[in-house]
Structure formats: structure tokens, C-alpha cells
Amino acid sequence: MVKSIIVAYTLWAVGGPLGLHHLYLGRDTHALLWMLTLGGFGFGWVREFIRIPAYVSEANQEGNKERKRPPTSIPPPVSPVRFAGQVCVGVYFGTVAMIGLNSLSFFYLIVLPLCVGAGVHLVSNVGQQTSDLQKTLTSCLATSLLFYGSTLSPLPISLAASVTAAKHRTFKPPRTPGSKQKLGPRLYRIGLGWLAFSAPLAYCIFHNTTATLYYLSDSIAALLDIFWFLPWLRSVLEYLLLMPYRILCVLTGGGYYEDAWRKVLEILLKEYTEREKEALKILSLGAEASLEEISRSYRELAKKWHPDHNPSKDAEEIFVKLQEAYEVLLRWHRPNRFK
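Computed from a predicted model, the values in this text were never measured in an experiment.

Caption draft 1: Representation of the environment of V2 within the structure. Assignment of secondary structure puts V2 in the segment before α1 (5-15). On the basis of relative accessibility, which here comes to 68%, the residue V2 falls in the exposed class. Discounting residues that sit within four places of it in the chain, V2 has contacts with Y24 and N60.

Below, the structure written as C-alpha cells:
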């Protein structure tokens, strides 16, 4: 089927950052890249305003049985834009990995370089071009040894991988004449790619639900407090911020003034974060410890490790940790936690 420039531009305007126009044109790798980066961090989406006619022409030629693609033995021309995209997306994938997967074993040796390499190869595979995935990942693993443990390691790893990918760039082999992939399997593969990318972030968010909700609630409260001198504006902002919850109430049949929101928060926040688990460990308590048990344990340990009563060299350090742990758990048990 012949692709229309008007339809492509319409999809670019409506859902460009999500790659809808690329999905329409059969550029699945480009569509996945746009979904994961929101249109190439916005810059790629804007740049495509002048690139769409070429994309449409390429898609129409792809469906032409008589079309001949350049031989794979001749490398494609070097593209500074593609190289910059490889570096940026590689760093981006590495940053996401450091946020969601840094607790895994051999993270800096295996997990991080593989994530960076996946980002670089994704950009390398856009359009008619591709690169040698094995060599790209090998360069990532080799470079990771030189920058082991560094928070800035995604950048040099991404640079090395991008250079390797550019050096081994080739054209994709031509498709079989008349072959056409169905939309269902295409969406399935794109969904798997999106899930593989978002799962670490989702795990990180839900694993630290308490801290996340505290941060969101504090941020919203601070934002609303800025407009204390304009009560009407504060009310409008509060209404807009609570709109998702209002919609949820309509869909589920609940009322806005019921205690449903408080119950949801109680369910979400009943789990301890890693910091709170560490605080329980410091005070030698279990997960079911009550506020009274926490206070009793703190008083006993504080009396034991107070620098004025304990001559040990580590007494002051342990005493400070006890105080910090007690404050963390007090916050968890505060009466207005869910109000």
C-alpha cells in the first residue's frame, strides 16, 4: 500500500514523540527508539519535519519489488547526527540501568555495558542501516573494565560503542519481494522492547514507593504553597493535579470525599523502603515492630552507646546511626502519614 505524506505528517503532529508516523511507515526500530526517548528527547521529533518526505519515499520504494538496495559490501555514508544519537542514547540507557539495576551482581562489568551497547545498537539499526552487534557489545565490555565503578562510565562506554558501530556500519539486506509483516507481530516485538526498557524503572519506583510518594506529596504541597496569596489559583492547580484521581473515582464508582484515597495510600505505603529496613536492622527490630517497641529499643541502645558512657572509639558513630534510624522510623509511624 502506498504511504501518504499527509497521513505521515498528521501522525507526526499527533503522536510524533511516540513514533506513530514511524509505525505507519514500517520503521519499527525508529518507532521503538522514539517511544523510549520521547521523540529523540524532542530534538529528533522537530528535525523530522523536513525528513518525513524522504521517509515516505523510502517506505514506498521498500514496497516496490523492482527496487534495488545498495550492496551490503559498500558501507553507508557517515552521519554525524546518527553518531551523536548513538552516544546520547547509549548514555541514556546506561543512566536508566544505573537507576534501576545497580543492585545486581557484576553490574559495572556486565549489566551496564550491555545496556549501553543495546542503546547504541538501537540507533545503529534505524532505517536502512545496521551494525555488528557482537563487536559493539565487545567494545562495551572491554571499555567497562577501564572505568569500573565510575558513575560517569556510561559516557566513555557509549563513545567506544558508537565508534565501533560506525566503523562496522552496513546496509540491511533487502527484504524478500512481496513480503509484508503483519501489524500484530510488529506491535508484539515493539511491546517487548518497551517492556524490557521500562521494567527496571518500574521496579525501582515501586520498590521505593514510600519515598516516591513522600517526594511527590512534598513537591505538590510546595508548589501549591507558592500561590498562597492567590487562593483561586491554588484551588485551580489543586483541582488539576487531582484530576487523575477524580477520573479514577468516576470509572470505579467511588466518591471523591470517601476514604478510598487514604486506604490506597495505606496499602501502597505499608511496605518499608530500603532505608527503613536498614533502620530496623540498626535498632535490632523486626518488620512488625510497633512504635513503642521502636522507642524502647532506641532508648536502650542509645544509653548503651552514648559517648559519655561508652569509651569505645565507635561509640559516637554508632550513636549517630541510632539517632538517624530512630528519626526514619518515627517518620514512618507518624500519625498523619495517610491524611
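This is not the end of the story, as more comes after the structure.
Caption draft 2: Quick look at helix α5 (residues 52-62). For α5, the complete set of buried residues consists of I52, Y55, V56 and A59. All buried residues of α5 project into a common sector of 100 degrees when viewed along the axis, lining one side. Here the buried face of α5 lies against α1, α2 (20-24) and α3 (28-41).

Caption draft 3: Quick look at the pattern of salt bridges. The final tally for this structure, using the stated rule, is three salt bridges. Note that R186 and D28 form a salt bridge whose closest N and O atoms lie 2.7 Å from each other. Taken together, the residues span a long stretch of sequence, with R186 in helix α10 (residues 183-207) and D28 in helix α3 at a distance of 158 residues. Comparing R186 with D28 shows no difference in burial state: the two are buried.

Caption draft 4: Highlighting the side chain of T164. Positionally, T164 belongs in helix α9 (residues 154-167). Beyond its immediate sequence surroundings of up to four residues, T164 is in contact with K135, T136 and S139.

Caption draft 5: Just the confidence of the model for the protein chain, in detail. Of all residues in the protein chain, 74% attain a pLDDT of 70 or more, and the chain-wide mean is 80. Helix α14 (residues 260-268) is the least confidently modelled element of the protein chain, averaging 50 in pLDDT, while α9 averages 94, the highest of any element. Scored below 50 in pLDDT, residues 335-339 makes nine contacts in the model with residues more than four places away or belonging to other chains.

Caption draft 6: Local environment of unusual backbone geometry. Of note, L38 is a non-glycine position whose phi angle comes to about 55 degrees, a positive value. Along the chain, L38 turns up in helix α3. Phi angles above zero are rare outside glycine, and F41 is one such case at about 60 degrees. Here F41 falls in the partly exposed class, since its relative accessible area comes to 39%.

Caption draft 7: Molecular detail of the environment of W34. Its place among the elements puts W34 in helix α3. Note on W34: relative accessible area 8%, which makes it buried. Taking the C-alpha atoms as reference points, W34 and P17, separated by 17 residues in sequence, lie 5.9 Å from one another.

Caption draft 8: Local environment of the environment of E278. If you trace the backbone, E278 turns up in helix α15 (residues 274-282). Judged by relative accessible area, E278 falls into the partly exposed class, the value being 42%. In the structure, E278 is positioned 50 residues away from V328 in sequence and 9.8 Å away in space, judged by C-alpha atoms.

Analysis parameters
- Residues numbered from 1 in each chain as written.
- Predicted model: local features only at pLDDT ≥ 70, side-chain atom pairs only at ≥ 80, totals over all residues.
- Heavy atoms only, no water.
- Helix = DSSP H or I, 4+ residues; strand = E, 2+ residues; numbered from the N terminus.
- Buried < 20%, exposed > 50% of the residue type's maximum accessible area, 1.4 Å probe, protein only.
- Contact = heavy atoms within 4.5 Å.
- Arc of directions from axis to C-beta.
- Salt bridge = Lys/Arg side-chain N within 4 Å of Asp/Glu carboxyl O.
- pLDDT = per-residue confidence, 0-100.

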